[in-house]
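Here are the chains, one letter per residue:
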Amino acid sequence: FTSLPNMETGLHERDRAGVQDFVLLENYQSEDAFIGNLKKRFQENLIYTYIGQVLISVNPYKQLSIYSDAHIKEYKNKHFYEMPPHVFAVTDNAFRSLIEENRGQCVLISGESGSGKTEASKKVLQFIAACSGNQTTVEDVKDKLLKSNPVLEAFGNAKTNRNDNSSRFGKYMDIQFDFKGAPIGGNILNYLLEKSRVVAQMAGERNFHIFYQLLAGADETLLQELRLERALDTYSYLTDGLKGSVSSINDADNFRQVQQALSVIDFTKEEQREIFGIVASILHLGNVAFSEVEGNAKVNSRDLVVTAARLLGVNAGELEAALTHRTIDARGDVVTSPLNQELAIYARDALAKAVYDRLFSWLVQRLNISLQAKETRGAKSNVMGILDIYGFEIFQKNSFEQFCINFCNEKLQQLFIELTLKSEQDEYRREGIEWIPVEYFDNKVICNLIEEKHKGIISILDEECLRPGEPTDITFLEKLTNKLAQHHHYVCHEKAPTHIQKIMLRDEFRLVHYAGEVTYSVHGFLDKNNDLLFRDLKETLSKAGNGIVKSCFPEHELRSLKRPDTAITQFRASLNNLMDILMCKEPSYIRCIKPNDLQTPGVFNDQLVLHQVKYLGLMENLRVRRAGFAYRRTYELFLERYKSLSKSTWPNYKGPGGPKAGVQQLVKDLGWDDEKYRVGETKLFIRWPRTLFDTEDAYQAKKHDIAAIIQAHWKGLLQRRKYLKLRAQVIVLQSYCRRKLAQQAAKQRREAADKIRAFIKGFITRNEAPNGFNEDFIANAKRMWLLRLAKELPSKVLDKSWPHAPGHCQEASEYLHRLHRLHLARIYRLKLTPQQKRQFELKVLAEKVFKNKKNNYASSVSTWFQEDRIPKDHIQRVNDFVASTFGSEQLKYQSFCTKFDRHGYKSRDRFILLSNKAIYVLDGKTYKQKHRLPLEKIDFTLTNHNDDLMVIRIPLELKKDKGDLILIIPRIIEFSTYIIDTVGTAQIVSIVDRNSLEHNVVKGKGGVIDIRTGAEPGVVRDKDHLVVVSDV
């Protein structure tokens, strides 16, 4: 038996894993039986099932190990039904028909988004690549065919709410083979790219992959050249912003794959640079905003227009003008009119969509040039096509794109039924079996409803787009209703039954497709069909310096006076061309189904699958296939499998007539009546699956009896072989174990020696710089120092001692010392009382003013300042004066002092008082006020010597005072500090650096005070001036 069981082998497991071919389903008209069979197989990880030669593939949403080189080898050159259902079986059958019978082939892959169409097409290519030759030229072509996928997926695929890698375009790829079956070239056709996605996406969906790949994977140099930032929320065309990053998609890695693929497919560096420049320009265009001034649109951010113009290679001024103005050629009269804000936004979005759409078409053309067969002389040009196209779509909101996609599926369904019936008829005719006509739903009536000339929806849509006046989506809907209201497959709101009117909007119509009813919203039908790009924008892009842009917008397009075909007309033409291509080829079908909307493995939603089974027409296909006989097999294969059920054919049939006569003898011995089967030219036809099931069950029971005899002899031989092999293996294993143990012991000794050597070297160099050996010793020294430091930290703020640190810790020691000093200072500061804090503030003020400026400053540092320096026996009288005179003034300082007369310098005892507004001088005996000097009109002069002299400068306008006051004030630093603190500025006190001091007497006359140093400080009169002796 092979490692992979064939179809008949799996029949006895049908209750658990279902049947491998739906034509063997007994209740083939039951939808529940159909879905139940699919579900059984899905739960067993059997994702492939046949309907005849049609392959049904259920997306498992996980990796299955069924695509290895071993599986490819198993399926290569095998009969279609010889192996279980698989995409490799379909591909191998088509490939062999192409090479051996020279019949053109086509693999049609269909299904809705998320059903696995793209993956299926990759597996088809994988099998073809593995089965072809290995010559250098062949490898080059295979690489290009395989590498075209990442490029097309990057530019044509996007994340949708149903699929993280949804193809947003249809793709038909032709692969050309030589007579040896080696691929020599290829060609790709693309259909209906969903370009509206470029400018807007539904919530939870993304723009095309290439935008995210470029932002995530491009290096900084490329991003800077393109003026891009990695943040997704920077760009308006990436609707979901930062939510665009998806964990299941590695955009950066995919971008590198795209770059590699472009290089393999022979894209030059300049072409790649221009491609990424165009992609970046679209992102910048999306951020261009407009304002409206008096009805005219104005660009808000010209720098974005300049950047986009540079990347497209066009003039920035022309691009800005084309975005905000429109030129109309009306019968020779050229008129340029400004656009309003709404039309400017429309022009911007139309430009972005057109540039991206044409870039994608250019990419496909460029891929075709690279894939073109280089040498075809003397070779048979056999072609296999692979069609990967969007499946039938029914959304909550269906628009123009869904209309086109569903029209395409109607055409493909029509082709599918025609070719399936034709294939069945041809086989019956070849085998000489009577053909019984089959009734089936012909969806040609729906195709005609859509595409019939002058009457179909397409003609009405084009007519509405091209007519003069102001056509709208609503007028289009009205015209549809007027012309098609009586059609059985068209439903409008006005003439629909009441229960339908409740759920249909007035801007919607409904078509009854073969797959079910679909309601379409006409909103946007005309705009999307017109696909209008203003002439000014085309003209600007036709002059682009970017080679790709220039080739996408050729100048001859501007010179053409013919109106371009509408989008639906172009699509219908390309679709009809595709139908012509497919009709010329022998088709193979892969119908893809997604089991759930959650993209989760192991989940099978019966209703969702049934919906897809209906719109893929699988039940109709099964009914056609089962119209005659459920099972057919060549005589050779049938006889080879079931010959053990008859003594006449076991172990080999040796009678006349060959395998056909042997099969006839076998079915006679099995007791089949004539209604159960028919004998064809080369095949046996069995009408009912039950007949085959009974035969297979009998075979399964019989093979055990035959196998038991063989097994008895075979097991004895196997056991002898196993023993001899095991004995030889044990001997080898023992030698290897002994060798391994010796190696491990030697290794342990080496490692121990190395560790001891490293330890000794580390200890010797423990005081040196780190060298790879002494790190542990250094770390230990640091740890011990930190422990010692923690115990020996100074506890007093004036204690500047600090424990010694090893050399490796010097920098840390200095840093910690500084931090600890700051810490002690902070603790000391937080413990200060308000009175102490006030003293420190005054001391700091005194330091700022007098340090290094007055010699007796140092003597004032050690004692606290006091506000009251009046002797006790005078304090009461002074306080009485303050109480009676000061009023609202506040006393700041009071002290005893000595005043010297201006004439004769006679000394007199005085009391000096400082308030917040003035200086008061009182008589030392009578306590009467001698002077009141406002602080704002006087200033004070000191010498820099070690004396207590102060001269109060009194301005002339104070009439009561005659000249300056000369005072000797004990604790001169204290008094001066209180003055400065009261006034708030140090400028009121002047310190002179001279040996004499002038003072005013009266009426401009002045005197001189000499300053001298001596052993006994004091004040003496010397002739006509005063001598102040300061301490040395």
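Source: prediction; values computed, not measured. (Residues numbered from 1 in each chain as written. Predicted model: local features only at pLDDT ≥ 70, side-chain atom pairs only at ≥ 80, totals over all residues. Heavy atoms only, no water.)

Caption draft 1: Structural view of the overall build of the chain. For the chain, the helix and strand inventory stands at 34 helices and 32 strands. Whereas a compact globule of 1032 residues would reach a radius of gyration of roughly 31 Å, the chain reaches 51 Å, over 25% beyond that. Taking the principal axes of its C-alpha atoms as reference, the chain extends roughly 165 × 100 × 60 Å. Among the 1032 residues that make up the chain, the fraction classed as buried is 50%. Here the contacts in the chain between residues at least 6 apart in sequence split such that 64% fall between residues at least 24 apart. When the accessible surface of the chain is totalled, it reaches about 52,100 Å², and 51% of it is carbon and sulfur. (Helix = DSSP H or I, 4+ residues; strand = E, 2+ residues; numbered from the N terminus. Rg over C-alpha atoms; globule rule 2.2 N^0.38 Å. Buried < 20%, exposed > 50% of the residue type's maximum accessible area, 1.4 Å probe, protein only. Contact = heavy atoms within 4.5 Å. Areas by Shrake-Rupley, 256 points an atom, 1.4 Å probe, with all protein chains shown as cover.)

Caption draft 2: Fine view of the packing of helix H7 (residues 209-217) against helix H9 (residues 251-264). Between H7 and H9, the shortest axis-to-axis distance is 7 Å and the interhelical angle comes to 100 degrees. With respect to H9, the element H7 is oriented roughly perpendicular. Of H9, the residues touching H7 (which contributes Tyr212, Gln213, Leu214, Ala216 and Gly217) are Asp251, Ala252, Asn254, Phe255 and Val258. Split by residue class, the contact of H7 with H9 holds six nonpolar, three polar and one charged. (Axes fitted to C-alpha atoms, helices over the stretch in contact; angles between N-to-C directions. Parallel < 35°, antiparallel > 145°, perpendicular 65-115°, else oblique. Nonpolar A, V, L, I, M, F, W, Y, C, P; charged D, E, K, R; others polar.)

Caption draft 3: The arrangement of the side chain of Thr982 in detail. Relative to the helices and strands, Thr982 is located in helix H34 (residues 972-983). Not counting residues up to four positions away in its chain, the partners in contact with Thr982 are Lys892, Leu914, Ser915, Asn916 and Leu935.

Caption draft 4: Molecular detail of the confidence of the model for the chain. The pLDDT averaged across the chain works out to 85; a share of 94% of its residues lies at or above 70. Ranking the elements of the chain by mean pLDDT puts helix H1 (residues 14-17) last with 65 and strand S23 (residues 918-923) first with 94. Counted against residues more than four places away or in other chains, residues 1-8, with its pLDDT under 50, gives 29 contacts. (pLDDT = per-residue confidence, 0-100.)

Caption draft 5: Region of interest: unusual backbone geometry. Here the phi dihedral of Gln599 falls at roughly 55 degrees; this positive angle occurs in a residue that is not glycine. Note that Gln599 resides in the loop between strand S16 (586-593) and helix H24 (606-615). Phi is positive for Tyr927, close to 65 degrees, though the residue is something other than glycine. Of note, Tyr927 is situated in the loop between S23 and strand S24 (929-934).

Caption draft 6: How the structure looks around the environment of Lys495. With respect to the element layout, Lys495 can be found in the loop between strand S13 (490-492) and helix H18 (498-501). Exposure remark for Lys495: the relative accessible area of 53% places this residue in the exposed category. For Lys495, the residues in contact, after removing those within four places along its chain, are Ala485 and Gln486.

Caption draft 7: Spatial organisation of a nonpolar patch on the surface. Together, Ile756, Phe759, Ile760, Phe763 and Ile764 line one region of the surface with nonpolar side chains, adding up to about 550 Å² of accessible area. Within the fold, Ile756 resides in helix H28 (residues 689-764). The class for Ile756 is exposed, based on a relative accessible area of 55%. (Patch = residues over 30% accessible without salt bridge, like charges linked within 9 Å, V, L, I, M, F, W, Y side chains within 5 Å. Salt bridge = Lys/Arg side-chain N within 4 Å of Asp/Glu carboxyl O.)

Caption draft 8: Main features of the sheet that holds strand S15 (residues 516-521). Spatially, three strands are ordered S13-S14-S15 in an open sheet, and the strand pairing comes out antiparallel. In the strand order of this sheet, the two ends are held by S13 and S15, each with one partner. Taken pair by pair, the neighbouring strands of this sheet meet at an average axis angle of 25 degrees, ignoring direction. In this structure, S13 lies alongside strand S14 (residues 508-513), joined through three bridges in antiparallel fashion. Bridge pairing in S14 links Cys492 to Phe509. (Pairing = 2+ DSSP bridges.)

Caption draft 9: View of the sheet that holds strand S19 (residues 683-686). The antiparallel open sheet is built from three strands, whose spatial order is S17-S19-S18. Either end of the sheet is taken by a strand with one partner, and the two such strands are strand S17 (631-634) and strand S18 (677-679). Across the sheet, the mean angle separating the axes of adjacent strands is 20 degrees when strand polarity is ignored. Pairing of S18 with S19 involves three bridges; the strand directions are antiparallel.

Caption draft 10: Spatial organisation of the nonpolar core. Membership of the largest hydrophobic core comes to 115 residues, with the highest contact counts inside it found for Phe155, Phe211 and Leu214. Looking at this core element by element, the count peaks at 15 residues for helix H13 (residues 341-371). The residues touching Phe155, leaving out its near neighbours within four places in the chain, are Leu193, Phe208, Ile210, Ile275, Val279, Tyr356, Leu359, Phe360 and Leu363. One finds Tyr28, Phe392, Cys465 and Ile581 within the second-largest nonpolar core, a separate group that totals 92 residues. (Core = buried A, V, L, I, M, F, W, Y, C linked by side-chain atoms within 4.5 Å.)

Caption draft 11: Region of the structure containing helix H29 (residues 775-791). Along its 17 residues, H29 runs 25 Å from first to last C-alpha, staying within 8% of the 24 Å computed at 1.5 Å per residue. Residues of H29 that are buried: Phe777, Ile778, Trp785 and Leu789. Projected onto a plane normal to the axis of H29, the buried residues spread over an arc of 110 degrees and lie on a single side. Opposite its buried face, H29 presents the exposed residues Asp776, Ala790 and Lys791, each directed more than 90 degrees away. Next to the buried residues of H29 lie H28 and helix H30 (810-830). (Expected span 1.5 Å × (residues − 1). Arc of directions from axis to C-beta.)

Caption draft 12: Helix H2 (residues 31-43), seen in detail. If you check H2, its first and last C-alpha atoms are 18 Å apart, about what 13 residues at 1.5 Å a residue would give, namely 18 Å. Of all the positions in H2, only Phe34, Ile35, Asn37, Leu38, Arg41 and Phe42 are classed as buried. For H2, the arc enclosing every buried residue in end-on projection is 155 degrees, short of the 170-degree limit, so these residues lie on one face. Pointing more than 90 degrees away from the buried face of H2 are the exposed residues Asp32 and Gln43.

Caption draft 13: Focus on the pairing of strand S9 (residues 296-299). Every second residue of S9 is oriented toward a common face, the buried set being Ala297 and Val299 and the non-buried set Asn296 and Lys298. Bridging between strand S8 (residues 290-293) and S9 involves four bridges; their strand directions are antiparallel. Residue pairing across strands places Phe290 opposite Val299, the latter belonging to S9.

Caption draft 14: Broad picture of empty space enclosed by the protein. Inspection of the entire model under this criterion finds five cavities of 30 Å³ or more. Within this model, the largest cavity holds a volume of roughly 110 Å³. When residues of the lining of the largest cavity are traced back to their parent elements, those giving at least two are strand S5 (166-167) and helix H14 (400-431). Grouping the constituent residues of the lining of the largest cavity by class yields three nonpolar, four polar and six charged. When its volume is computed, the second largest cavity comes out at roughly 80 Å³. In terms of lining, the second largest cavity is formed by Leu108, Ser110, Leu387, Ile389, Asn409, Leu412, Gln413, Phe416, Tyr514, Tyr589, Arg591 and Leu616. Mapped onto the lining of the second largest cavity, the elements with two or more residues apiece are strand S3 (105-110), H14 and S16. In terms of residue count, H14 provides more of the lining of the second largest cavity than any other element does, four residues in total. Considering only residue class, the lining of the second largest cavity consists of eight nonpolar, three polar and one charged. (1 Å grid on protein atoms, 1.4 Å probe; cavity = no way out; pocket = protein on both sides within 12 Å on 5 of 7 lines; lining within 4 Å. Points joined across faces, edges and corners; volume = space filled by probe spheres on them.)

Caption draft 15: View of the pattern of salt bridges. As enumerated under the stated definition, the model contains 40 salt bridges in all. Between Arg273 and Glu270 there is a salt bridge, with its nearest N and O atoms 2.5 Å apart. Placement of the pair is Arg273 and Glu270 together in helix H10 (residues 269-286), with a separation of three residues, close to one helical turn. Assessed through its relative accessible area of 38%, Arg273 is described here as partly exposed. Here Glu270 falls in the partly exposed class, since its relative accessible area comes to 39%. A salt bridge links Arg838 to Asp981, with the shortest nitrogen-to-oxygen separation between them at 2.5 Å. Taken together, the residues Arg838 in helix H31 (residues 834-850) and Asp981 in helix H34 connect sequence positions 143 residues apart. When salt bridges that share partners are traced, they join Glu463, Glu464, Arg467, Lys479 and Lys483 into one network.

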